[in-house]
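The chain contents come next:
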Amino acid sequence: MSVFTRSQGDREALLLPELASLTAHHRANSEGYERILASLGIAPDATFGSIADLPWLPVRMFKTHDLKSVPDSEVFKTLTSSGTTGAGASRIYLDKEAAGAQTKQLGATLQEVLGGERLPMLMVDTIGIIKNRRSFSARGAGVLGMANFGRKHTYVLDENDEPDVEAVKKFLAEYGDKPFLIFGFTFMVWLYLYEVARDNGLDLSNGILIHSGGWKKLIDRAVDNTEFRRRFKEDTGLTRIHNYYGMIEQIGTVFLEGPSGNSLYCPDFADVVIRNPETWEEQPVGEPGVIEVVSTLPKSYPGHVLLTEDLGVYNGIDDGDWPGKHFSVLGRLPKAEARGCSDTFSGAAA
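Because the structure is predicted, anything quoted here is derived from the model rather than measured.

Enquirer: Sorry if this is basic, but what is going on with the overall build of the chain here?
Expert: A tally of regular secondary structure across the chain gives ten helices and 14 strands. A buried classification covers 52% of the 350 residues belonging to the chain. For the chain, long-range pairs separated by at least 24 residues make up 68% of all intrachain contacts whose partners lie at least 6 apart in sequence. As presented, the chain carries roughly 15,600 Å² of accessible surface, and 51% of it is formed by carbon and sulfur atoms.

Here it is in structure tokens:
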């Protein structure tokens, strides 16, 4: 069952009532969320004409406010993100049902490119990242979350964070003649897999690479998405490459790069809105703005409509590899601007 099937018109028609009722659900069950919406002048019986009309929360609110829509006794798992800006960590509360739903929908999304069976898996990381559960980082959580989708896991880095070329060669000798999964964060995949594979003449042509984490650390190497894909193809034979965009504040929802590259797509239960940072109106195709992510998954906390601190642009609507809007992430908002987005809000919410 593909989760990349809905045209934009269908998505809008099917998701809007669900998202509007989620908004009402969170108002009724989260005192903090109700206070925020009331202070913004949004009436409890407000109606919304489109997904873009729904009230959004700045993602930063989860760093400064405890927002949940389930009683404490039903909290099954609390996720924390490490804030790089020093603003503290986001706290995301999941009940049992929400935890199950996010795992299931992440699986359904990735199945689009991985197929139905668990594949042998190369992890472009060190096993040390998941050994220390106490100091679990967002990176560790990402690695652990993705490990579920593979088997016969082999780590590309040894305990000292050095590439373990022999381990990779052994893995490829055993599994490299059939499809296998590769997962890692973008800059690590480049430094520790691409460069090692190129220098050692390794054949990755049966691999399917899933990677995330942005391009910032590769700027000094002049590597963008197009170059990343071209070099992997030319030097290692790897062509099935899928970047994804997601965040812990909307856990389980990932926006996945289509087969032809350079555009991210929304699964059927999610959507994206690109907003003009001056007027907050939705931008037309080709005009950059602030990314808002929308998902029907967050039921245990009010994270269904979130304004991120990232800049993005629509590349098209219903004219790409899969239906719906497709977009690119252009980078982080400048710090001051990001803070401005959420300060206008915090004033209202205080």
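That covers the picture; the talk isn't over yet.
Enquirer: Quick question: what am I supposed to make of the nonpolar core here?
Expert: Within soluble globular proteins, side chains that are nonpolar tend to cluster in buried spots. Grouped together as the largest cluster of nonpolar side chains are 45 residues, with contacts concentrated most on Ile51, Tyr245, Phe255 and Phe327. Every element with two or more residues in this core is listed here: α1 (8-29), α2 (31-39), α3 (61-64), β3 (91-94), α4 (96-114), β11 (270-275), β12 (289-295) and β13 (305-317). Leave out the neighbours within four places in its chain, and Tyr245 touches Thr253, Val254, Phe255, Leu264, Ile291, Val293, Thr308, Asp310, Phe327 and Val329.

Enquirer: Can you help me understand the packing of aromatic side chains in this one?
Expert: One pair of aromatic rings is described through two measures. These are the centre distance and the angle between the planes. Under the definition given, this model contains 15 aromatic pairs. With a centroid separation of 5.9 Å and 85 degrees between ring planes, the pair formed by Phe62 and Tyr301 is classed as edge-to-face. One end of the pair, Phe62, is in helix α3; the other, Tyr301, is in the loop between β12 and β13, and 239 residues separate them in sequence. The same class applies to Phe62 and to Tyr301, which are both buried. Relative to Phe180, the ring of Phe171 has its centre 5.6 Å away and its plane inclined at 75 degrees; by these criteria the two rings are edge-to-face. Using a relative accessible area of 0% as the deciding quantity, one classes Phe180 as buried.

Conventions used here
Residues numbered from 1 in each chain as written. Predicted model: local features only at pLDDT ≥ 70, side-chain atom pairs only at ≥ 80, totals over all residues. Heavy atoms only, no water. Helix = DSSP H or I, 4+ residues; strand = E, 2+ residues; numbered from the N terminus. Buried < 20%, exposed > 50% of the residue type's maximum accessible area, 1.4 Å probe, protein only. Contact = heavy atoms within 4.5 Å. Areas by Shrake-Rupley, 256 points an atom, 1.4 Å probe, with all protein chains shown as cover. Core = buried A, V, L, I, M, F, W, Y, C linked by side-chain atoms within 4.5 Å. Phe/Tyr/Trp six-rings, centres within 6.5 Å; stacked < 30°, edge-to-face > 60°.

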